[in-house]
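Chain by chain, the residues:
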Amino acid sequence: QNLLAEKVEQLMEWSSRRSVIRMNGDKFRRFVKAPPRNYSVIVMFTALQPQRQCSVCRQANEEYQVLANSWRYSSAFSNKLFFTIVDYDEGADVFQQLNMNSAPTFMHFPPKGKPKRADTFDLQRIGFAAEQLAKWIADRTDVHIRVFRPPNYSGTIALALLVSLVGGLLYLRRNNLEFIYNKTGWAMAALCVVFAMTSGQMWNHIRGPPYAHKNPQNGQVSYIHGSSQAQFVAESHIILLLNAAITMGMVLLNEAATSKGDVGKRR
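Since the structure is predicted, the reported quantities are computational estimates derived from the model, not experimental observations.

### Details of the overall build of the protein chain
Right, so step 1: Across its full length, the protein chain carries 11 helices and six strands.
Right, so step 2: For a compact globule of 267 residues, the expected C-alpha radius of gyration is about 18 Å, and the protein chain comes in at 26 Å, more than 25% above that figure.
Right, so step 3: Along the first, second and third principal axes, the C-alpha atoms of the protein chain reach 95 × 50 × 30 Å.
Right, so step 4: Residues classed as buried in the protein chain amount to 32% of the 267 residues present.

Put into structure tokens, the structure is as follows:
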């Protein structure tokens, strides 16, 4: 009982300073793995150092911080749940101990027993939004966290600037608005949207993958992801260019077939 009380007291002290407790191998084994425990621990395994080039780790960490802050400053905050983080460069032995070779990964360590399969968050299928993490935590611990996000006015400002720019353009050309009825212009704009969506730009926006992956061991750069569940930004650019080339080819074929010229050239 004394050992458990000391562990809980120490975790509460760390939580009072920072919502997410940073852990190395020794702290992880003492406070997360070793009994006794009467509390749940959420651990984010990540690689945040710049040399790791893990952009998705940084974005996932931002969502994780939002969730941990929401729990830390909620009225329901208690010593039954703690948020921790293990960075590869601070706890490589933990990654090896758990046979973990990818980051970021979220795991729940229950008060008793070992983590089950459902205690590993399905990031590839669900994403790493704070709201999704909160729902998963509620399923595993019965602790319900209401996510509070700090206000972000960047979207509103960008929209206002766009409206102002379009309005200013229309005002300057108020006496010559024939370009609005230009079918070719609208077709090009529609094609750009189609190319962006079919190439996976929305997926990139939501998941934030790296542009490409450089193998730290042999230095080889991969532009195509090895899994069907993910992609790199470069991969979506390749798909966009291929789709654009096919569309341009169809347009040129149609133009050649319908033009008034030599039959041989049209064929």
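### So, the domain arrangement of the protein chain
Right, so step 1: When its domains are assigned, the protein chain resolves into domain 1 (1-139) and domain 2 (175-256).
Right, so step 2: At the junction of the two partners, domain 1 supplies 10 residues and domain 2 supplies eight residues.
Right, so step 3: A combined buried area of about 580 Å² lies between domain 1 and domain 2, and 37% of that area is made up of carbon and sulfur atoms.
Right, so step 4: In terms of surface lost to domain 2, no three residues of domain 1 exceed Gln53, Ser55 and Gln124, which account for 55% of the buried area on that side.
Right, so step 5: Connecting domain 1 to domain 2 are zero salt bridges.
Right, so step 6: Taken together, domain 1 and domain 2 are joined by zero residue pairs in polar contact (both at pLDDT 80 or more).
Right, so step 7: Listing elements by their share of the side of domain 1 that touches domain 2, those giving two or more residues are α3 (55-72) and α5 (123-126).
Right, so step 8: Sorting elements by how many residues they give to the side of domain 1 that touches domain 2 places α5 first, with four residues.

### Details of the pairing of strand β2 (residues 40-46)
Right, so step 1: Within β2, seven of the seven residues are buried, leaving the element largely enclosed by the surrounding structure.
Right, so step 2: Where burial is concerned, the two faces of β2 agree: the one with Ser40, Ile42, Met44 and Thr46 and the one with Val41, Val43 and Phe45 are both buried.
Right, so step 3: When β2 meets strand β3 (residues 81-87), the two strands line up parallel, connected through seven bridges. Within β3, the residue paired with Val43 across the bridge is Thr84.
Right, so step 4: In terms of handedness, the path from β2 via α3 over to β3 forms a crossover that is right-handed.
Right, so step 5: In the sheet, β2 pairs with strand β4 (residues 105-109) via five bridges, with the strands oriented antiparallel. When the sheet's bridge partners are listed, Ile42 is paired in β4 with His108.

### Section: the packing of aromatic side chains
Right, so step 1: Summed over the entire model, instances satisfying the criterion amount to 11 aromatic pairs.
Right, so step 2: Between Phe121 and Trp136, the ring centres sit 5.3 Å apart and the planes meet at 55 degrees, which makes this aromatic pair tilted. Here Phe121, found in the loop between β4 and α5, pairs with Trp136, found in helix α6 (residues 130-141); they are 15 residues apart in sequence, far enough to count as distant.
Right, so step 3: In this structure Phe121 comes out as buried when scored by relative accessible area, which is 5%.
Right, so step 4: Ring pairing ties together the aromatic residues Phe28, Phe45, Tyr88, Phe95 and Phe109, which thus form one cluster.
Right, so step 5: Positioned over the ring face of Trp14 is Lys27, at 4.7 Å from the centre of the ring.
Right, so step 6: Sitting over the ring of Tyr73, Arg72 keeps its end group 5.4 Å from the ring centre.

### Considering the layout of surface pockets
Right, so step 1: Estimated volume of the largest pocket: approximately 1,200 Å³.
Right, so step 2: Contributing elements (two or more residues each) for the lining of the largest pocket: β4, α5, α9 (201-207) and β5 (213-214).
Right, so step 3: Its volume calculated, the second largest pocket comes out at about 200 Å³.
Right, so step 4: Gln59, Glu62, Glu63, Ile126, Gly127, Phe128, Ala129, His205, Ile206 and Arg207 are the residues that line the second largest pocket.
Right, so step 5: Contributing elements (two or more residues each) for the lining of the second largest pocket: α3 and α9.
Right, so step 6: Classifying every residue of the lining of the second largest pocket by side-chain character gives four nonpolar, three polar and three charged.
Right, so step 7: Per-domain counts for the lining of the second largest pocket show at least three residues from each of domain 1 (1-139) and domain 2 (175-256).

### Some remarks on the nonpolar core
Right, so step 1: Ranked by size, the top nonpolar core spans 28 residues in total, and within it Leu67, Leu81, Phe83, Phe106, Ile137 and Ile145 carry the most contacts.
Right, so step 2: Ranked by residues supplied to this core, first place goes to α3 with eight residues.
Right, so step 3: Beyond its immediate stretch of four places on either side in the chain, Phe106 contacts Val43, Met44, Ala60, Tyr64, Asp119, Thr120, Phe121, Leu123, Phe128, Leu133 and Trp136.
Right, so step 4: Core analysis: the second largest hydrophobic core is formed by 20 residues, Val8, Phe31, Val43 and Phe45 among them.

What counts as what
Residues numbered from 1 in each chain as written. Predicted model: local features only at pLDDT ≥ 70, side-chain atom pairs only at ≥ 80, totals over all residues. Heavy atoms only, no water. Helix = DSSP H or I, 4+ residues; strand = E, 2+ residues; numbered from the N terminus. Rg over C-alpha atoms; globule rule 2.2 N^0.38 Å. Buried < 20%, exposed > 50% of the residue type's maximum accessible area, 1.4 Å probe, protein only. Domains from an automatic or database assignment. Contact = heavy atoms within 4.5 Å. Buried area = accessible area lost by both parts, 1.4 Å probe. Salt bridge = Lys/Arg side-chain N within 4 Å of Asp/Glu carboxyl O. Polar contact = N/O pair within 3.5 Å; in protein donor to acceptor, adjacent residues only side chain to side chain. Pairing = 2+ DSSP bridges. Right-handed = clockwise from strand over helix to strand, strands pointing away. Phe/Tyr/Trp six-rings, centres within 6.5 Å; stacked < 30°, edge-to-face > 60°. Lys NZ or Arg CZ within 6 Å of the ring centre and 35° of its normal. 1 Å grid on protein atoms, 1.4 Å probe; cavity = no way out; pocket = protein on both sides within 12 Å on 5 of 7 lines; lining within 4 Å. Points joined across faces, edges and corners; volume = space filled by probe spheres on them. Nonpolar A, V, L, I, M, F, W, Y, C, P; charged D, E, K, R; others polar. Core = buried A, V, L, I, M, F, W, Y, C linked by side-chain atoms within 4.5 Å.

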